[in-house]
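Letter by letter, the chains look like this.
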Amino acid sequence: MDKKRANGRYYTRGNPFRLKPFHRWAKDSDLEQQIVLEPFAGAKDIPQLIDLAYLRCQDWMFYDIEPGAKGVVQRDTLADFPKGFNVCITNPPWLARNSATRRGLPFPEATNHDDLYKYALEKCLTHCEWVAAIIPEAFIRSSLFLHRLSDFISLVPQTQNVTTPDNDGRKTSYMFDDTEHPVGLALFAPHETSDVRVWRNNQLLGKLRELRKHLPLPANNRSIVFNEPQGNLGLIAIDNTVSASIRFCPPEELGEYKVRTHCRSITKIGVPWPVDIDMLNGQLATIREKTHDVFLTAFKGLRRDGHYRRRLDWALARAIVDVDHPQLEMNIE
Ligand SMILES: C[S@@+](CC[C@H](N)C(=O)[O-])C[C@H]1O[C@@H](n2cnc3c(N)ncnc32)[C@H](O)[C@@H]1O
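All of the points below concern the structure found in this document.

Parameters and conventions
- Residues numbered from 1 in each chain as written.
- Predicted model: local features only at pLDDT ≥ 70, side-chain atom pairs only at ≥ 80, totals over all residues.
- Heavy atoms only, no water.
- Phe/Tyr/Trp six-rings, centres within 6.5 Å; stacked < 30°, edge-to-face > 60°.
- Buried < 20%, exposed > 50% of the residue type's maximum accessible area, 1.4 Å probe, protein only.
- Helix = DSSP H or I, 4+ residues; strand = E, 2+ residues; numbered from the N terminus.
- Pairing = 2+ DSSP bridges.
- Contact = heavy atoms within 4.5 Å.
- Axes fitted to C-alpha atoms, helices over the stretch in contact; angles between N-to-C directions.
- Polar contact = N/O pair within 3.5 Å; in protein donor to acceptor, adjacent residues only side chain to side chain.
- Core = buried A, V, L, I, M, F, W, Y, C linked by side-chain atoms within 4.5 Å.
- Salt bridge = Lys/Arg side-chain N within 4 Å of Asp/Glu carboxyl O.

With that out of the way, let us pick up the packing of aromatic side chains. Under the defined criterion, the tally for this structure stands at eight aromatic pairs. Summarising the aromatic geometry, the rings of Phe17 and Phe22 are spaced 4.8 Å apart at their centres and angled 65° between planes, so their arrangement reads as edge-to-face. Exposure class is identical for Phe17 and Phe22. Each is buried. Plain terms: the ring middles of Trp25 and Trp130 are 6.2 Å apart, the flat faces sit at 80° to each other, and that makes the pair edge-to-face. Residue Trp25 is found in helix α2 (residues 20–28), and its partner Trp130 is found in strand β5 (residues 130–136); the two are separated by 105 residues along the sequence. The exposure classification of Trp25 matches that of Trp130, with both residues buried.

In structure tokens, the structure reads:
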């Protein structure tokens, strides 16, 4: 497993290339006339998926540090990236720097990025005009390479494509055969893009800048203290497996729950003014509805309602609580 992890090797399954936004990207990049680069080709799954999506290109060129099929050229493409290609379609290796350190795995010294896929993406964008990459869904919250990103598709498994039984008794198809990690398909253009269209499969959720407008202003109010055992506000910060259930609650509801410093799922918050819990939950519900959860981290595994489970991070929770700041209300008056 660690060897697999060292090369960030989870092969693509499922077919994101059937989606509308990818077909549009294929047209814009003139895919039919292109020799396409797959610089992390593994077992050459991507060209098969492109075929199955009824798309064509002129030819492919495949590389991998550890080829998984005939016709893949052995090369460390991170150290020596292939030149002369306009279009690149790939699923690059993923490996978080901290995970590499913890496991004693090598991580390239040439980069400061916190994950291998970001470094791989940087290489693809430096050398290719059009780039389509299957990457972690969390990428859309990183603000990286946004100037060339035209579309970002959150790939949510569909229940009709049957491959893996889940605990519901229903069947779900996941993007990868050995991980349910939330993934997205990022589509880049050669030119500066005005904004990023954000999709959930074939559903357009909105433009990134428009969606961001529904977030409260970031707050730096350190008088709001997280993991405060005597706090006057409780927070259950992750969805359960059924529905969108993140909520603020009276701290008593958490009973004897002992606040743990590193815990990111349940906490008590010290707020130096009386809090209106219904108001906070109303605000949270509006944000979730208007932003389609694009800014909340997705978890492994789907909720029963077919969406990813999400987590509310402390920065956004602080911003929501701070909107209720009494002084702020006075300023508005
Ligand atoms: C996530 S897998 C994707 C495989 C394939 N693109 C697919 O979608 O099925 C990443 C691939 O990157 C390869 N890889 C990791 N580091 C590499 C490097 N430095 N140079 C070339 N390939 C590398 C791994 O061997 C692995 O096959």
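Structure's up, so let's keep going.
Okay, the sheet that holds strand β14 (residues 247–249) next. On the basis of which strands lie adjacent, the open sheet formed by four strands has the order β12-β15-β13-β14 and antiparallel pairing. With one partner strand each, in any of the chains shown, β12 (225–226) and β14 form the two edges of the open sheet. Of the pairings in the sheet, the one linking β12 to strand β15 (residues 266–270) comprises two bridges and is antiparallel in character. Counterpart to Val225 in the pairing with β15 is Gly270. Contacts between helix α7 (residues 277–291) and the sheet are confined to β13 (233–236) and β14, with β14 contributing the most and set at about 175° to the helix.

So, about the side chain of Arg303. Summarising the element assignment, Arg303 is placed in the loop between β16 (297–302) and β17 (308–311). A polar side-chain atom of Arg303 sits 2.7 Å from a polar atom in the side chain of Asp239.

With that settled, consider the nonpolar core. By size, the foremost hydrophobic cluster in this structure holds 66 residues, and its most contacted members are Phe17, Phe22, Ile89 and Phe139. Per-element accounting of this core gives the leading share, seven residues, to helix α5 (residues 116–127). Not counting residues within four places of it along the chain, the set of residues in contact with Ile89 comprises Phe17, Phe22, Trp25, Leu31, Val36, Leu37, Glu38, Ile46, Ile50, Trp60 and Ala132.

Moving on: the pattern of salt bridges. This model, assessed by the stated rule, comprises 12 salt bridges. Residues Arg75 and Asp80 are paired through a salt bridge, measuring 3.6 Å at the closest nitrogen-oxygen approach. According to the relative accessible area criterion, Asp80 is partly exposed, its value standing at 40%. The closest approach of N and O atoms between Glu253 and Arg247, which form a salt bridge, is 2.5 Å. The partly exposed category is assigned to Glu253, whose relative accessible area is 46%. The network of salt bridges with common partners includes Asp239, Arg288, Asp293, Arg303 and Asp305.

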